[in-house]
Amino acid sequence: MSLTSAHGRPMRVRMAPSPTGPLHIGTARTSLYNFLAARHEGGTFVLRVEDTDLARNTLEFERDIIEGLHWLGITWDEGPQVAGGEDIGPYRPYRQSARLDLYAPEAQRLLDDGNAYPCFCTPEELEAVRHAQERDHQPPRYNGRCRNLTLEQRAAFEADGRRAAIRFATTPESVTWDDLIRGEVEFDNALLGDFVIVRADGGPLYNFTAVVDDAAMQISEVIRGEDHISNTPKQIALYKALGYDVPRFAHIPLILNQDRTKMSKRKSQMDMDAYRQQGYLPEAMVNFLAFLGWSPGTQEEIFSLDELSRRFELARVHKAGAVFDHDRLDYLNGVYIRALTDEQLALRLRPFLPDAADDATILRLAPLVKERLVRLVDIGELVAFLFQTDEVVASWYAAELLLPKKRDASEVARGLTAARDELAGLTDADWAAETLESRGRALAEQLAWKPGDLFKPIRVAITGRTISPPLFGSMELLGRGHSLARIDAALGKLQAVAGATGVVR
RNA sequence: GCCCCCAUCGUCUAGAGGCCUAGGACGCCACCCUUUCAAGGUGGAGAUCAGGGGUUCGAAUCCCCUUGGGGGCACCA
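Residues numbered from 1 in each chain as written. Chains lettered and ligands numbered in written order. Predicted model: local features only at pLDDT ≥ 70, side-chain atom pairs only at ≥ 80, totals over all residues. Heavy atoms only, no water.

A closer look at the nonpolar core
Put simply, the test is: By nonpolar core we mean a set of buried residues, namely Ala, Val, Leu, Ile, Met, Phe, Trp, Tyr and Cys, connected to one another through side-chain atoms within 4.5 Å. Accessible area is worked out with a 1.4 Å probe on protein chains only. A residue is then buried under 20% of its type maximum, exposed over 50%, and partly exposed in between. Working definition: helices are DSSP H or I runs of at least four residues, strands are E runs of at least two. Numbering for both runs from the N terminus. Only heavy atoms matter for contacts: two residues are in contact if any of them lie within 4.5 Å across the pair.
In this structure, Leu-289 and Phe-324 are the most contacted members of the largest nonpolar core, which totals 101 residues. The element contributing the most residues to this core is helix α1 (residues 25–41), with eight residues. When sequence neighbours within four positions are dropped, the list of residues in contact with Phe-324 reads Ile-25, Ile-255, Leu-256, Gln-258, Met-263, Tyr-275, Phe-288, Leu-289, Leu-292 and Leu-329.

A short note on the sheet that holds strand β9 (residues 196–198)
Heads up, the rule is: In short, DSSP must find at least two bridges between two strands for them to pair. Convention adopted: a line fitted to C-alpha atoms gives each axis, helices being fitted over their contacting stretch, and angles between N-to-C directions are expressed from 0 to 180 degrees.
Taken in spatial order, the three strands line up as β5-β6-β9 in an open sheet, and their pairing is antiparallel. The open sheet has two edge strands, β5 (116–119) and β9, and neither has a second partner. The average undirected angle you get between the axes of adjacent strands in this sheet is 45°. Both β5 and strand β6 (residues 165–168) contribute to a ladder of four bridges, which runs antiparallel.

Some remarks on the packing of helix α16 (residues 409–424) against helix α17 (residues 433–447)
Cut-off, in case you're wondering: An angle counts as roughly parallel when it lies under 35 degrees, as roughly antiparallel when it exceeds 145, as roughly perpendicular when it falls between 65 and 115, and as oblique in every other case. We call a crossing left-handed when the near helix sits turned anticlockwise from the far one by less than a right angle, and right-handed when that turn is clockwise.
For the pair α16 and α17, interaxial distance at closest approach is 10 Å and the crossing angle is 140°. Between α16 and α17, the crossing angle belongs to the class labelled oblique. Like other packed secondary-structure pairs, α16 and α17 cross with a definite hand, here right-handed. Contacts between α16 and α17 involve Gly-415, Ala-418, Ala-419, Glu-422 and Leu-423 on the former and, on the latter, Leu-436, Arg-439, Leu-443 and Leu-447.

Here's the deal with the layout of surface pockets
Unfilled space is identified by rolling a water-sized probe across the atoms. Heads up, the rule is: Cavity: a set of points on a 1 Å grid over the protein atoms alone where a 1.4 Å probe fits but cannot get out. Pocket: an open set with protein on both sides within 12 Å along at least five of seven lines, its lining residues, like those of a cavity, having an atom within 4 Å of a point. Grid points are joined across faces, edges and corners, and a volume is the space filled by probe spheres set on the points. The classification used treats Ala, Val, Leu, Ile, Met, Phe, Trp, Tyr, Cys and Pro as nonpolar, Asp, Glu, Lys and Arg as charged, and all other residues, Gly among them, as polar.
Considering only enclosed or pocket space, the largest pocket measures out at about 1100 Å³ in volume. Ser-18, His-24, Thr-27, Asp-227 and His-228 are, among the 42 residues lining the largest pocket, the residues nearest its centre. When residues of the lining of the largest pocket are traced back to their parent elements, those giving at least two are β1 (12–15), α1, α6 (206–216) and β10 (221–225). For the lining of the largest pocket, the element with the highest residue contribution is α1, accounting for four residues. Looking at the lining of the largest pocket residue by residue, the class counts come to 17 nonpolar, 13 polar and 12 charged.

These results come straight from atomic positions and should not be treated as a statement about function.
Structure representation (structure tokens):
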């Protein structure tokens, strides 16, 4: 069943992030697609760190990217497994900063074959040309000034102290490739202009290093974002000039902001770590990301990473971009939270709760909040009442909040007092949700109140809010002493109001 | 400006000529359940398949044009 690549070998794909920023949604999604394609085909997934932009890349970002991918459950067969760590795999090293020596000979080969030439133009000169082209409504591209310099002219520039960049000499011809997702794509290289492959300071540039490395690492399929489509003709020209086999290309659709522009930091939350810190589960994130541009063709929508590996096919990836829909992510996160056992949920909740919360309490809490959590971080607000003093909780609400519709303060005070007396009769040992509920209901019936009317003031007294986890479970967790104290505090507040309006209890 | 890509409910999508008076999910609305909020259940609104031409007995599905949207045009990646 395993498909073979363009060259008859097993599939080898790669993800090549640049550690110039933290892991973002787009990188994660492209990594996921590469990972899934490799797993589906029984191929190899390579991680290569493209850190040639010395000015912008950092080890911290590399760590964020690697850890973020691992958090999602994405693993790779070759490449660094930890930031700054040792590379694994037969094509070591996998960090471009450690491969610098490999690019120079290839650039020299291009020079020797006449496929590249030194360019002495300064940034200012280039800028001037660009401006002139813009003014004349010409496409902005290199004018080829240095392409046919004589040896004397080159020597003169060098004597002048100028350092040359290396430009690739583009052949004006039409290139075509059969994109795995888009089908045949055609491009006229005459429009390209001679692009720089090595900077004047000797630093090799992206289009060049990517080609040299992908060839060296025997990459068979290049799966990357649609924003790279326009790099493809340049790279194909490089592959050919260097005498390498050209891999197959698959350009996946972009992830979009709400306004359908390419997802950007400005308009969307892009850092994966931010989602992690808010308590999005990696399972939900993976499921969500996978469907941004792919679907199995059925009505199923909940998939684990393993199931995705089994079902994912590049051929089913869409061409159109997909908007990142937070509502849907939230929904999926809820689905995955609800699917957790209490033990699993308790474990995941730990980092989102105060240190005062002990493991036993968290475990008892889990079933109470499971159906109410959208993100794990929401646990804080939901159970804050458990970790605050009775005084603080009392300060959260005004006495009016204790009153159900159509019941005044003195009535509620009466009901609450009855509840307090009833519950005070229970021992610590009897203080369990089931008992509390049956006593509460019996009392409501006795008073001829709707249960809800009696439970509302108790709820506010216990939790300080009108919205809370199930009342009796909450009281059980809070314990007898604090529960009774909080009801007393509520009664005190009612008294003040009733007193002010002249109503005697 | 030039080049390339794309186009089904607000959003994610099903759909590879007849099964489509276009299906599912999220979101939204209503009702049910219910101690609040959720969760769950039921139902509903929501897409003249961007528009126009073809091809065909028959088109969301194939072709062409138009329109709209996006991406790219660095000594960044």
